[in-house]
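Structure at a glance
Take a look at the letters that make up each chain.
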Amino acid sequence: MQLRAALQTALKTLLQHQVPSAHLAAELLLMHTLGCDRAYLYACPERELGAEITDRYFRFIEERTTGKPTQYITGHQEFWGLDFEVTPDVLIPRPETEHVVERVLEIATERKLRKDGRLRIADVGTGSGCIVLALASEFPRAVLFGVDISRPALVVASRNARRLGMPERVKFLESDLLARLLDKDFAGTFDFVVANPPYVGEGEIDMVQREVRAFEPRVAWGGVARGEEIYARLFPQALQVLKPGGCVVVEIGYNMRDRVLPLLRNNWTDVEVIPDLAGIPRVVSAQKPR
Ligand SMILES: C[S@@+](CC[C@H](N)C(=O)[O-])C[C@H]1O[C@@H](n2cnc3c(N)ncnc32)[C@H](O)[C@@H]1O
């Protein structure tokens, strides 16, 4: 079968199964099958794929029609311009989470911390390691920790650190929130605590996309009675590990601003809410008083 015909057939199948972004999925899965980039697909539409490659491609297409996300089939997702391995043990990094990284860079620039860059940063619920490794790439002299309650997620995060050439830069620890960093040696030493915690409460599960519910780890997006639960536990712990003047930077769900901000009312200053590209309140940052 020729490449162009394979793409067209795959697209038709995906559309029949109402797969979102069907065109993109058909292309990404063919790029993955052939180990090529998008330019090649357009440059060689008449290439004969051969039976083995065609079979492999249509097996991936079939998997996609079950709702399995493309990234779990290809095993990759880009974040902050870096290529991350993803498996069903970790949440697939989302583009809006890049606003967390941007906010840290903004604060560090405002405070002229970027030049020296010897910062201490903790990423809570590190998952694939996307946030902490993006920050490691921006702050070559920082000491960074990625913590997660999921041991399988930490295995993936550590592999990503190796793949991205930063194995010694980030320490990954199994921990319930900051529990492992709360001992007195760490108290008051961190410049930033960042997190994209699970924020779908029991009553909101119906609002989660079917594909997320069926394929992404529950502990990564839900598993909490109320959406604000993790923030309520995290902020007091962050106050303990942060230096005076240190900052917490967290992602929030689209409807969570009014539930998260009251948790910062006491004890924090300079509270900011940053919208994502769709104008939805997406990141909250706050400073521990000096
Ligand atoms: C929304 S995912 C974020 C993953 C990654 N940081 C990202 O932005 O793609 C939340 C992560 O928090 C972890 N997690 C859930 N509860 C936790 C807890 N109590 N302590 C530490 N990590 C937790 C999950 O295992 C998951 O990896």
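Below you will find a few notes about this structure. (Residues numbered from 1 in each chain as written. Predicted model: local features only at pLDDT ≥ 70, side-chain atom pairs only at ≥ 80, totals over all residues. Heavy atoms only, no water.)

Digging into the environment of Asp276
With respect to the helices, strands and loops of the structure, Asp276 is situated in the loop between strand E8 (269–275) and strand E9 (281–287). Residue Asp276 is classed as buried on the basis of its relative accessible area of 10%. In sequence terms Asp276 and Leu30 are 246 residues apart; their C-alpha atoms lie 31 Å from each other. Excluding residues within four positions of it along the chain, Asp276 makes contact with Glu96, His99 and Arg282. (Helix = DSSP H or I, 4+ residues; strand = E, 2+ residues; numbered from the N terminus. Buried < 20%, exposed > 50% of the residue type's maximum accessible area, 1.4 Å probe, protein only. Contact = heavy atoms within 4.5 Å.)

Section: the pairing of strand E1 (residues 76–79)
Two faces make up the sheet, and in a regular strand the side chains alternate between them. Burial of E1 is one-sided: the residues Gln77 and Phe79 facing one way are buried, the residues His76 and Glu78 facing the other way are not. Pairing between E1 and strand E2 (residues 82–85): four bridges, direction antiparallel. Counted as the bridge partner of His76 is Glu85 from E2. From the end of E1 to the start of E2, which pair antiparallel, there are two residues, and Trp80 there has a positive phi angle of about 55°. (Pairing = 2+ DSSP bridges.)

A closer look at helix H11 (residues 229–241)
Taking 1.5 Å as the rise per residue, H11 with 13 residues should run 18 Å; its terminal C-alpha atoms sit 19 Å apart, in good agreement. Along H11, the helix axis deviates most sharply at Phe235, where the bend reaches about 25°; the proline Pro236 sits within four residues downstream. On the buried face of H11, the contacting elements are strand E3 (120–124), strand E6 (190–195), strand E7 (242–251) and helix H12 (257–260). (Expected span 1.5 Å × (residues − 1). Bend = angle between axes of the 7 residues up to and from the residue.)

Notes on the site of the ligand
Of all residues adjacent to the ligand, which total 19 residues, the nearest are Gly125, Asp148, Asp176, Leu177 and Ala220. At 3.4 Å, a backbone N or O of Ser175 approaches a nitrogen atom of the ligand. Considering the ligand on its own, with 590 Å² of exposed area, one finds that the protein chains cover 96% of that surface. At the level of secondary structure, the elements contributing two or more residues to the shell around the ligand comprise helix H7 (130–138) and helix H10 (218–221). Across the shell around the ligand, the residue classes tally to ten nonpolar, seven polar and two charged. (Near = heavy atom within 4 Å. Polar contact = N/O pair within 3.5 Å; in protein donor to acceptor, adjacent residues only side chain to side chain. Areas by Shrake-Rupley, 256 points an atom, 1.4 Å probe, with all protein chains shown as cover. Nonpolar A, V, L, I, M, F, W, Y, C, P; charged D, E, K, R; others polar.)

Side note on unusual backbone geometry
In the Ramachandran plot, Gln18 falls in the positive-phi region, its phi being about 55° despite a non-glycine side chain. Relative to the helices and strands, Gln18 resides in the loop between helix H1 (3–16) and helix H2 (22–34). Its identity is not glycine, yet Leu177 carries a phi of approximately 45°, on the positive side. Looking at where Leu177 falls in the secondary structure, it is placed in the loop between strand E5 (170–174) and E6. Look at Leu177 and you get buried, because its relative accessible area is 8%.

Notes on the pattern of salt bridges
Summed over the entire model, instances satisfying the criterion amount to 21 salt bridges. One salt bridge in this structure joins Glu46 and Arg4, with 3.4 Å as the shortest N-O distance. Placement of the pair is Glu46 in the loop between helix H3 (38–43) and helix H4 (51–65) and Arg4 in helix H1, with a sequence separation of 42 residues. By relative accessible area, which is 39% here, Arg4 ends up partly exposed. With a shortest N-O distance of 3.9 Å, Arg141 and Asp116 are connected by a salt bridge. On the criterion of sequence distance, the pair formed by Arg141 in the loop between H7 and strand E4 (143–148) and Asp116 in the loop between helix H6 (98–110) and E3 is long-range, its members being 25 residues apart. Since its relative accessible area comes to 45%, Arg141 is described here as partly exposed. (Salt bridge = Lys/Arg side-chain N within 4 Å of Asp/Glu carboxyl O.)

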